[in-house]
Amino acid sequence: MNGIAWGIIVCEIMFWVFILAGLIVRYGWGRKRLGLRLMAMSPVIDLVLLVLTVYDLRQGTEATWAHGVAAIYIAASLAFGKSLIAWADQTYQRFVLRKDVARDVRPKAQRKREGFFRHLTAFVIGSVLLAGMIFWIADFKQTEALLQTVQIWFLVLLVDGLIAVSYTIFPKRAD
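Overview of the structure.

1. Structural notes on the nonpolar core
Counting residues in hydrophobic clusters, the biggest one holds 18 residues, and the most contacted among them are Leu57, Leu130, Met133 and Leu146. The set of elements that each furnish at least two residues to this core consists of α4 (65–95), α5 (108–137) and α6 (140–169). Of all the elements, α5 adds the most residues to this core, at seven residues. Look past the residues within four positions of leucine 146 in its chain and what remains in contact with it is Leu57, Ala63, Thr64, His67, Gly68, Leu130, Met133 and Ile134.

2. Things to note about the packing of aromatic side chains
What describes a pair of aromatic rings is the distance from one ring centre to the other and the angle between the planes of the rings. Overall, the coordinates contain six aromatic pairs when judged by the stated rule. Over the ring of tryptophan 136 we find arginine 58, and its NZ or CZ is 4.6 Å from the ring centre.

3. Let's talk about α5
Here α5 is 30 residues long and its end C-alpha atoms lie 43 Å apart, about the 44 Å a rise of 1.5 Å per residue gives. Here the buried face of α5 lies against α3 (42–58), α4 and α6. At the C-terminal side of α5, alanine 138 shows a positive phi close to 55°.

4. Here's the deal with α4
Taking 1.5 Å as the rise per residue, α4 with 31 residues should run 45 Å; its terminal C-alpha atoms sit only 37 Å apart, a clear shortfall. If you look at α4, its biggest bend is around 60°, right at phenylalanine 80.

5. A look at the packing of helix α1 (residues 3–28) against helix α2 (residues 32–39)
Following both chains from N to C, one finds α1 and α2 inclined at 175°, their axes separated by 7 Å at the closest point. As judged from the angle between their axes, α1 and α2 are roughly antiparallel. Residue-level contacts link Phe18, Ile19, Ala21, Gly22, Leu23, Val25 and Arg26 of α1 to Lys32, Leu34, Gly35, Leu38 and Met39 of α2. Among the residues forming the contact of α1 with α2, the class breakdown is eight nonpolar, two polar and two charged.

6. Notes on unusual backbone geometry
Positive phi, close to 60°, is recorded for arginine 98, a residue that is not glycine. Note that arginine 98 resides in the loop between α4 and α5. The phi torsion at alanine 138 lies on the positive side, around 55°, for a residue other than glycine. Mapped onto the elements, alanine 138 comes out in the loop between α5 and α6.

7. Section: the packing of α3 against α5
Across the interface, α3 lies against α5 with an axial gap of 11 Å and an inter-helix angle of 25°. Of the possible angle classes, the one that applies to α3 and α5 is roughly parallel. Crossing angle aside, the handedness with which α3 passes α5 is right-handed. Seen from α3, the contacting residues are Leu50, Thr53, Val54, Leu57 and Arg58; seen from α5, they are Leu129, Met133, Trp136 and Ile137.

8. Focus on the pattern of salt bridges
Pairing is possible between side chains that carry opposite charge, provided their charged atoms lie close to one another. A complete count under the given rule lists two salt bridges for this structure. With its nearest N and O atoms 3.9 Å apart, the salt bridge here joins arginine 26 to aspartate 89. Of the two residues, arginine 26 sits in helix α1 while aspartate 89 sits in helix α4, which places them 63 residues apart along the sequence. Assessed through its relative accessible area of 24%, arginine 26 is described here as partly exposed. Aspartate 89 sits in the buried class, given a relative accessible area of 14%. Notably, a salt bridge pairs glutamate 114 with arginine 106, separated by 2.2 Å at the nearest N-O pair. The exposure class assigned to glutamate 114 is partly exposed, which follows from its relative accessible area of 31%.

Basis of the calculations
- Residues numbered from 1 in each chain as written.
- Predicted model: local features only at pLDDT ≥ 70, side-chain atom pairs only at ≥ 80, totals over all residues.
- Heavy atoms only, no water.
- Core = buried A, V, L, I, M, F, W, Y, C linked by side-chain atoms within 4.5 Å.
- Buried < 20%, exposed > 50% of the residue type's maximum accessible area, 1.4 Å probe, protein only.
- Helix = DSSP H or I, 4+ residues; strand = E, 2+ residues; numbered from the N terminus.
- Contact = heavy atoms within 4.5 Å.
- Phe/Tyr/Trp six-rings, centres within 6.5 Å; stacked < 30°, edge-to-face > 60°.
- Lys NZ or Arg CZ within 6 Å of the ring centre and 35° of its normal.
- Expected span 1.5 Å × (residues − 1).
- Bend = angle between axes of the 7 residues up to and from the residue.
- Axes fitted to C-alpha atoms, helices over the stretch in contact; angles between N-to-C directions.
- Parallel < 35°, antiparallel > 145°, perpendicular 65-115°, else oblique.
- Nonpolar A, V, L, I, M, F, W, Y, C, P; charged D, E, K, R; others polar.
- Left-handed = near helix turned anticlockwise from the far one by under 90°.
- Salt bridge = Lys/Arg side-chain N within 4 Å of Asp/Glu carboxyl O.

Below is the structure:
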């Protein structure tokens with residue numbers, strides 16, 4: 001496994017470490033602002049991964065699937081980060097603090113559409129990052145894997161969109 005793949009793993013672990021630390025500081029120590037600052041470190045983690053990825057490519061490394069996944073990780077973190085943090089906060093309150101937290105009662109079709117639009121946002125951000133890397137490196141052979149990543153991701157996005165639409169056209173019936 002290459003260094004970028006390890007970088008993605010480390011960044012994902014650090015994301016959850018900062019989220020958990022933020023929740024512990026926020027609720028365990030009663031320091032809400034410090035807890036929020038810890039949870040807000042995810043963009044810094046994304047920036048570190050972006051710098052590692054660009055540095056690796058700039059050193060002449062041929063782009064691999066890991067470089068493409070790094071862009072996807074960064075984009076997904078930006079698009080889904082706030083909702084992931086809110087989910088972690090609710091889950092922590094429910095299971096650790098044993099609080100009765102209001103659950104999301106919106107129709108499933110609406111949640112699927114919102115998830116698709118977040119995915120679309122992530123796709124746009126990630127595609128811009130990948131295109132930027134492709135044009136910056138300016139060597140098609142070296143960055144071919146990045147273009148393939150965009151193509152595969154586009155197909156995944158289409159499937160996600162079809163699923164979201166299917167929940168709208170064929171809503172789940174109440175029992």
